[in-house]
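These are the residues of each chain, in order.
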Amino acid sequence: MTATADTVRKGRKYDQVLQGARHVFMADGFEGASVDDIARAAKVSKATLYSYFADKRLLFLEVANTECQRQARLALDNIDMTAPPREVLDQTARHFLKFITSTLGQQIFRICVAESDRFPELGQRFYNSGPAVMRAEMAAYFKQAVARGELHMDDMVFAADQFGELCKADLWPRLIFGMTKTVTEDEIDRVVKGAVEMFMARYGT
């Protein structure tokens with residue numbers, strides 16, 4: 001596939017193609033995934049695959065967008081947004097870290113960076129499908145927590161961004177720069193606790 005298309009055509013076999021692509025990308029990664037393997041997994045012809053996605057990167061980003069939306073929905077369905085800040089922050093951080101340290105999460109980031117000059121809309125589409133959703137939800141939660149007297153802050157959106165960056169400490173750069181390939185539950189636990197403690201030290205009442 002060549003990097004020429006920037007639109008996705010949806011039709012009767014769209015979900016089928018997406019599901020097959022997700023399976024192959026998760027198993028083989030972006031570089032290892034071939035058009036033949038994706039078509040085979042999706043049970044469609046290569047011509048059908050090309051008719052929906054003329055570019056493998058676009059197909060990958062569509063898989064990424066769908067997965068990111070799923071992760072955002074999963075987080076919102078499982079995080080009790082009425083709980084005290086420490087609980088909400090802990091749950092949010094764990095969900096966020098497990099996704100960004102996953103193989104798919106790292107691949108999404110690398111593709112967005114690699115293609116940002118040629119296809120800036122791909123990164124924007126990915127950001128809007130998940131990160132922006134969680135950012136807005138956290139900002140809304142912070143506003144409620146401030147009203148209850150549990151937090152003290154003026155810029156809720158900026159605070160949400162700060163918490164996201166605290167969650168990336170140590171593990172994220174080591175993964176992205178290839179210093180390590182995997183992370184443990186203990187490592188995630190350490191980063192989560194540190195992020196929550198630092199955030200509450202700044203904004204807790």
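Since we're looking at a predicted model, the values are computed, not measured.

Give me the confidence of the model for the protein: which residues, what numbers.
The predicted coordinates ought not to be read in detail in places where the model reports low pLDDT. Taken residue by residue, the protein gives an average pLDDT of 87. The fraction at 70 or more is 95%. Predicted confidence is poor over residues 1–5, with pLDDT under 50, and the contacts of this stretch with residues over four places away or in other chains come to 19 contacts.

A description of the side chain of Thr-180 should follow, citing residues and the corresponding values.
Of note, Thr-180 is situated in the loop between α10 (171–176) and α11 (185–203). In this structure the side chain of Thr-180 is engaged in a polar contact, spanning 3.1 Å, whose partner is the backbone oxygen of Thr-182.

Could you give an account of the nonpolar core, naming the residues involved and the relevant values?
Counting residues in hydrophobic clusters, the biggest one holds 65 residues, and the most contacted among them are Phe-25, Leu-59, Phe-142 and Phe-199. The dominant element in this core, judged by the number of residues it contributes, is helix α4 (residues 56–78), at nine residues. With near-sequence residues (within four places) excluded, Leu-59 lies in contact with Val-17, Leu-18, Ala-21, Phe-25, Ile-38, Leu-49 and Phe-53.

Which residues make up the packing of aromatic side chains, and what values go with them?
Pairs of aromatic rings are described using the distance from one ring centre to the other and the angle between the two planes. Scanning the entire structure with this criterion turns up nine aromatic pairs. Aromatic side chains Phe-199 and Tyr-203 sit 4.9 Å apart centroid to centroid with 50° between the ring planes, which places their arrangement in the tilted category. Of this pair, Phe-199 and Tyr-203 both sit in helix α11, four residues apart, roughly one helical turn. Given a relative accessible area of 2%, Phe-199 falls into the buried group. Classification of Tyr-203 by relative accessible area gives buried; the value is 7%. Three or more aromatic residues joined by ring pairs make a cluster, and in this case those are Tyr-141, Phe-142, Phe-163, Phe-199 and Tyr-203.

Now, about the UniProt feature "DNA-binding region" (unreviewed entry) in the protein: what can you tell me, with residues and values included?
Residues annotated by UniProt as "DNA-binding region" (unreviewed entry) correspond here to residues 34–53. Taken end to end, residues 34–53 is 75% helix and 0% strand, and its two terminal C-alpha atoms sit 13 Å from one another.

Calculation notes
- Per chain, residues are indexed from 1 in the order of the written sequence.
- The predicted nature of this model means local features are confined to residues of pLDDT at least 70 and side-chain atom pairs, given and counted, to a pLDDT of 80 or more, with totals for whole chains, interfaces and linings taken over all residues.
- Only heavy atoms go into the side-chain values, all of them from the structure, while hydrogens and water stay out.
- The predictor attaches a confidence to each residue, and that confidence, scored 0 to 100, is pLDDT.
- In this analysis, two residues are considered to be in contact whenever any of their non-hydrogen atoms come within 4.5 Å of each other.
- The numbering of helices and of strands both runs from the N terminus, where a helix is a DSSP run of H or I of at least 4 residues and a strand a run of E of at least 2.
- Pairs of N or O atoms are called polar contacts if they sit within 3.5 Å, as long as, within protein, a hydrogen donor faces a hydrogen acceptor (for residues adjacent in sequence, only side-chain-to-side-chain pairs).
- Note on terminology: a nonpolar core comprises buried Ala, Val, Leu, Ile, Met, Phe, Trp, Tyr and Cys residues joined through side-chain atoms within 4.5 Å.
- Accessibility here uses a 1.4 Å probe with only protein chains present; expressed as a share of the type maximum, an area under 20% marks a residue as buried, one over 50% as exposed, and anything in between as partly exposed.
- Aromatic rings from Phe, Tyr and Trp, with only the six-membered ring used for Trp, were paired whenever their centres fell within 6.5 Å, and each pair was classed as stacked if the ring planes differed by under 30 degrees, edge-to-face if by over 60, and tilted otherwise.
- UniProt positions are given in the numbering used here, feature names are shortened, and annotations may be inferred rather than shown by experiment.

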